[in-house]
Amino acid sequence: MIHISNIILILAVKYVHSDIYFHNPRGSNNRLDEQGRERNNANRMFNSQNNNRGGYNVGYMYYHAGSTLRLEWTNQHSCFSPNANCDFIIQYMCDDKIRDGSNLNTIPDVETRCENKNCNTDFRFGMNEDFEYYSNCKQRKRNKGLFTADQKLRGEAAIFTRQNPNGNRYAYECPEERDYYPYWNPTKWIDIAILTNYPKRCAYFEQNSENLKSRFYCQVPKNFKNLIPITKTECLKILNAEWKESTSHNTSAPICRETQFTRDNHLGNTYDGQTPFFNWKVPSINHDKCVLRIRYNISTNDYDPHQTFNQEDSKNFSKKYFNSINEIKNKI
């Protein structure tokens, strides 16, 4: 949560993708005020893909604008090692409707189930992204150019991804946006830093950050019932639809640099005996409430993470995988 008078209070800290734990500030792992060791609802605010015993109960944390906040975490599946390609993407989002909530239930996606038929203002439920954001994600076409391996996605909307093939809901988080960076549709997330084991891509990350680069989207009539296209050509085929520009966040480019080394199956320190960290200079922001998140995007070396698309899906994926297994067996 960010207070206007040059003081920042971060209300909630989240982490995205499996086996990464934010320790400073305290990452929630979807916890609220559970009295036991395990969280009660893994779908409450976002998809951490972590086990139930990680995370910290929520608490209010204040930070002064202009001060340096040391962000610390541990991750399990290595980074900057021969075994995995890895990006840490650190972001924040501000909105005066952000809150922890007062109960452990997931916020409804049907407004009649909320007080005054307005889920955005029903403060019983925790909320990061808002109702409209998720509703648009649920009605927007997914990007068919993305690699889905052998996963069988059960729908055509952006809530269905390789990581979320069944379209499970985690409050109002958009699964496709969570899983891919940089994302092509407008979001409220502001980039702080990208820490990568492939720093040659830093220029690409910086130039395509929504901090600097606008996004485009298809605005359809209110009574439109089909999936919303994500290309201008398809958008303009719809009666009374408009292809619109969403301006950038108009802030500085994110810091991008090489990440620190971490080894597999460790959840521990780097070479110098410290936890992985990033020093963030807290900005001055004209909002009362903010949320901070870290995204741990990893892939193995089986495929080039930046040059693998939908052509490698399904049968091609299976063929390559089993050929690799057979090659290994033949060498034993």
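Residues numbered from 1 in each chain as written. Predicted model: local features only at pLDDT ≥ 70, side-chain atom pairs only at ≥ 80, totals over all residues. Heavy atoms only, no water.

Peer 1: Give me the lowdown on the overall build of the chain, citing residues and values where you can.
Peer 2: Each helix and strand counted, the chain has five helices and 14 strands in total. Counting every position in the chain, which comprises 332 residues, the buried fraction comes to 49%. About 16,700 Å² of surface is accessible on the chain, with carbon and sulfur atoms providing 47% of the total. (Helix = DSSP H or I, 4+ residues; strand = E, 2+ residues; numbered from the N terminus. Buried < 20%, exposed > 50% of the residue type's maximum accessible area, 1.4 Å probe, protein only. Areas by Shrake-Rupley, 256 points an atom, 1.4 Å probe, with all protein chains shown as cover.)

Peer 1: Describe the nonpolar core, naming the residues involved and giving the relevant values.
Peer 2: Among the nonpolar cores identified, the biggest contains 25 residues, and L71, W73, F88, I90, F278 and W280 are the most heavily contacted of them. Counting only elements with at least two residues in this core, the list comes to β3 (20–24), β4 (61–64), β5 (68–75), β7 (85–94), β8 (190–196), β13 (277–281) and β14 (290–299). At five residues, the largest contribution of residues to this core is made by β7. Non-local contacts of W73, meaning those with residues more than four positions away in its chain, are made with I20, Y21, F22, H23, F88, I90, L195, T275, P276, F277, F278 and I294. (Core = buried A, V, L, I, M, F, W, Y, C linked by side-chain atoms within 4.5 Å. Contact = heavy atoms within 4.5 Å.)

Peer 1: Kindly report on the pattern of salt bridges, identifying the contributing residues and their values.
Peer 2: One pass over the full model with this rule turns up 16 salt bridges. If you follow the salt bridges from partner to partner, you end up with D95, K97, D130 and K188 in one network. (Salt bridge = Lys/Arg side-chain N within 4 Å of Asp/Glu carboxyl O.)

Peer 1: Go over the state of the cysteines with me, naming the residues and quoting the values.
Peer 2: As enumerated under the stated definition, the model contains six disulfides in all. Between the sulfur of C202 and that of C256 lies a disulfide, 2.1 Å long from S to S. With the S-S bond torsion at -75°, the cross-link from C202 to C256 turns out left-handed. You can see C202 sitting in helix α3 (residues 202–208) and its partner C256 sitting in strand β11 (residues 255–258), a full 54 residues away along the chain. Ordinal numbering of bonded cysteines along the chain defines a disulfide pattern of 1-2, 3-12, 4-5, 6-7, 8-11, 9-10. (Disulfide = S-S within 2.5 Å.)

Peer 1: So what's going on with the sheet that holds β13? Which residues, and what values?
Peer 2: Spatially, three strands are ordered β3-β5-β13 in an open sheet, and the strand pairing comes out antiparallel. Edge strands, defined here as strands with exactly one partner in the open sheet, are β3 and β13. When the angles between neighbouring strand axes are averaged without regard to direction, this sheet yields 30°. Note: β3 against β5, four bridges, orientation antiparallel. Across the sheet, the residue bridging to F22 is W73, located in β5. (Pairing = 2+ DSSP bridges. Axes fitted to C-alpha atoms, helices over the stretch in contact; angles between N-to-C directions.)

Peer 1: Provide a residue-level description of the confidence of the model for the chain, including the pertinent values.
Peer 2: Scored by pLDDT, the chain comes out at a mean of 87, with 85% of its residues at no less than 70. Counting contacts from residues 320–332, a segment whose pLDDT is below 50, to residues more than four positions away or on other chains yields two contacts. (pLDDT = per-residue confidence, 0-100.)

Peer 1: Run through the packing of aromatic side chains, naming residues and quoting values.
Peer 2: Within the structure shown, the criterion is met by twelve aromatic pairs. Pairing F131 with Y172 gives two aromatic rings, centres 5.9 Å apart and planes at 85°, and the pair type is edge-to-face. Within this pair, whereas F131 is found in helix α1 (residues 131–139), its partner Y172 is found in the loop between α1 and α2 (175–179), the two being separated by 41 residues in sequence. An identical accessibility class is assigned to F131 and Y172; each is buried. By the ring-pair criterion, three or more aromatic residues cluster together here, those being F22, W73, F88 and Y296. (Phe/Tyr/Trp six-rings, centres within 6.5 Å; stacked < 30°, edge-to-face > 60°.)

Peer 1: An account of the side chain of Q260 is requested, with residue identities and associated values reported.
Peer 2: Its location among the elements puts Q260 in the loop between β11 and β12 (262–264). At 3.1 Å, the side chain of Q260 and the backbone nitrogen of F277 are in polar contact. In this view, Q260 contacts C79, F80, T270, P276 and F277; residues no more than four positions away in its chain are not counted. (Polar contact = N/O pair within 3.5 Å; in protein donor to acceptor, adjacent residues only side chain to side chain.)

Peer 1: Go over unusual backbone geometry, please, and point to the residues and values.
Peer 2: Omega for the bond connecting N24 with P25 falls within 30 degrees of zero, at -5°, which places this linkage in the cis form. Its place among the elements puts P25 in the loop between β3 and β4. Not every positive phi belongs to a glycine, and N30 is a case in point at roughly 75°. Position of N30 among the secondary structure elements: in the loop between β3 and β4. Unlike most non-glycine residues, N116 shows phi in positive territory, near 60°. Mapped onto the fold, N116 is located in the loop between β7 and α1.

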